[in-house]
Amino acid sequence: MNTPDKFNFERFGLATRQYFSYNKKQLLGGMLATLGFLSLIAFAIGNHYEEQYDRCIQNAHYWESPETIYMKTVEIEALAFTCCFFLFTVIAGSLTFSSFNSKKKRITSLMQPMAKSEMFILRILIHTVLANVMFIGCCIAADVLRSILVFGPTIWTSHAIIFTDKFLNTALPIILSSAIFGQALYTLGAALWPRNSFIITFGVLFAAQLIFIPIIENITDLFVSIVEFLHIDEILAASLIIFAMAIGVYWLAWLRFKRYQIILKL
């Protein structure tokens, strides 16, 4: 359907409600599967450190203190969830334009009474904003379930507050900005290669990394020198730069998506 490329909030809201109405079972299933997967990881970590904690209590000469073992449950869980978050974001990004990976799906998508900008924003909201919020919510739920059913504190309890503050103030800004940047790259890959997007994008990025390693190292050294000279917080500056780069990559994905639509309509 040939809809003028002018964003309309009423039409966008209707399309969003329609999407959730048609796909609520798939979305709920995906959320439960994610929660189940993260809970299995959290339970495995809890069981492992519960055994160490019991041995420590029974053996006064154990090489670690009970408090250290208790806290490691949270620290290792946070590390595992972070790795899963990076993997989840790039997979979600590579699926952004999965509705265009076959002729039948392309025709169905193009027949929707939506402007191209509405199609693009709806897919970004679902595969970036909603998916990431859902994953973080599942992480929190799995953390609480592990604490209740297995062993160890939650990341929000007073036992873990020192680790939580350190994590939120240092690692979290870099983790979020880097994950968004990686997701943006795979979203651009999905716009370029809707079919087998994840595999192709991974291969291209891996090859590009090998080729441009010297340039990346020089840029990193230059960034460190500038930050030290200006006395700017390194983590904040790096996070803002990475986030700005992600916005630029999403803009490239949008430009590709617009042309992709035109090519398909011809």
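Below you will find a few notes about this structure. Remember, it's a predicted structure, so these values are computed and weren't measured experimentally. (Residues numbered from 1 in each chain as written. Predicted model: local features only at pLDDT ≥ 70, side-chain atom pairs only at ≥ 80, totals over all residues. Heavy atoms only, no water.)

### Things to note about the overall build of the protein chain
In step 1: Tallying secondary structure elements over the protein chain gives 7 helices and 0 strands in all.
In step 2: N-terminal to C-terminal, the α/β element order of the protein chain is α-α-α-α-α-α-α.
In step 3: Looking at the 266 residues of the protein chain, the share that counts as buried comes to 37%.
In step 4: Summing over all exposed atoms, the protein chain offers an accessible surface of approximately 15800 Å²; the carbon and sulfur share of this is 71%. (Helix = DSSP H or I, 4+ residues; strand = E, 2+ residues; numbered from the N terminus. Buried < 20%, exposed > 50% of the residue type's maximum accessible area, 1.4 Å probe, protein only. Areas by Shrake-Rupley, 256 points an atom, 1.4 Å probe, with all protein chains shown as cover.)

### Description of the packing of helix H1 (residues 9–58) against helix H4 (residues 116–149)
When two helices pack together, their arrangement is given by the angle between the helix axes and the distance between those axes.
In step 1: Contact pair H1 / H4: the axes reach a minimum separation of 8 Å and the direction vectors enclose 30 degrees. By the criterion of interaxial angle, the relationship of H1 to H4 is roughly parallel. Every pair of crossing elements has a handedness; the one defined by H1 and H4 is right-handed.
In step 2: Counted by class, the contact of H1 with H4 contains 22 nonpolar, 4 polar and 3 charged residues. (Axes fitted to C-alpha atoms, helices over the stretch in contact; angles between N-to-C directions. Parallel < 35°, antiparallel > 145°, perpendicular 65-115°, else oblique. Left-handed = near helix turned anticlockwise from the far one by under 90°. Nonpolar A, V, L, I, M, F, W, Y, C, P; charged D, E, K, R; others polar.)

### Topic: unusual backbone geometry
In step 1: Of note, the phi angle at Asn 196 is positive, near 55 degrees, even though the residue is not glycine.
In step 2: Looking at where Asn 196 falls in the secondary structure, it is placed in the loop between helix H5 (161–192) and helix H6 (197–230).

### Some points on the packing of aromatic side chains
In step 1: Scanning the entire structure with this criterion turns up 11 aromatic pairs.
In step 2: Their ring planes at 25 degrees and their centres at 5.0 Å tell us that Phe 97 and Phe 257 sit as a pair that is stacked. Taken together, the residues Phe 97 in the loop between helix H2 (66–94) and helix H3 (103–110) and Phe 257 in helix H7 (residues 234–265) connect sequence positions 160 residues apart. This pair shows no difference in class: Phe 97 is buried, exactly as Phe 257 is. (Phe/Tyr/Trp six-rings, centres within 6.5 Å; stacked < 30°, edge-to-face > 60°.)

### A closer look at the nonpolar core
In step 1: With 20 residues, the main nonpolar core has Phe 97, Met 114, Phe 120, Leu 122, Ala 184 and Phe 257 as its most contacted residues.
In step 2: Listed by contribution, the elements that provide at least two residues to this core are H1, H4, H5 and H7.
In step 3: Tallying contributions element by element places H7 first for this core, with 6 residues. (Core = buried A, V, L, I, M, F, W, Y, C linked by side-chain atoms within 4.5 Å.)

### Things to note about the pattern of salt bridges
In step 1: Evaluation of the coordinates by the stated rule reveals 3 salt bridges.
In step 2: The partner of Arg 11 in a salt bridge is Glu 118, and the shortest N-O contact between them spans 2.7 Å. Separated by 107 residues along the polypeptide, Arg 11 in helix H1 and Glu 118 in helix H4 bring together distant segments of the chain.
In step 3: Taking relative accessible area as the criterion, Arg 11 reaches 24% and is therefore assigned partly exposed.
In step 4: The residue Asp 143 makes a salt bridge to Arg 146 at a minimum N-O spacing of 2.7 Å. Placement of the pair is Asp 143 and Arg 146 together in helix H4, with a separation of 3 residues, close to one helical turn. Judged on exposure class, the residue Asp 143 and its partner Arg 146 are both buried. (Salt bridge = Lys/Arg side-chain N within 4 Å of Asp/Glu carboxyl O.)

### Observations regarding H4
In step 1: For H4, which comprises 34 residues, the first-to-last C-alpha distance of 47 Å matches the rise-based estimate of 50 Å (1.5 Å per residue) to within 8%.
In step 2: Leu 125 marks the point of greatest bend in H4, at about 35 degrees. (Expected span 1.5 Å × (residues − 1). Bend = angle between axes of the 7 residues up to and from the residue.)

### Structural notes on the side chain of Thr 16
In step 1: If you trace the backbone, Thr 16 turns up in helix H1.
In step 2: Within the structure, the side chain of Thr 16 is placed 2.8 Å from the backbone oxygen of Phe 12, a separation counted as a polar contact. (Polar contact = N/O pair within 3.5 Å; in protein donor to acceptor, adjacent residues only side chain to side chain.)

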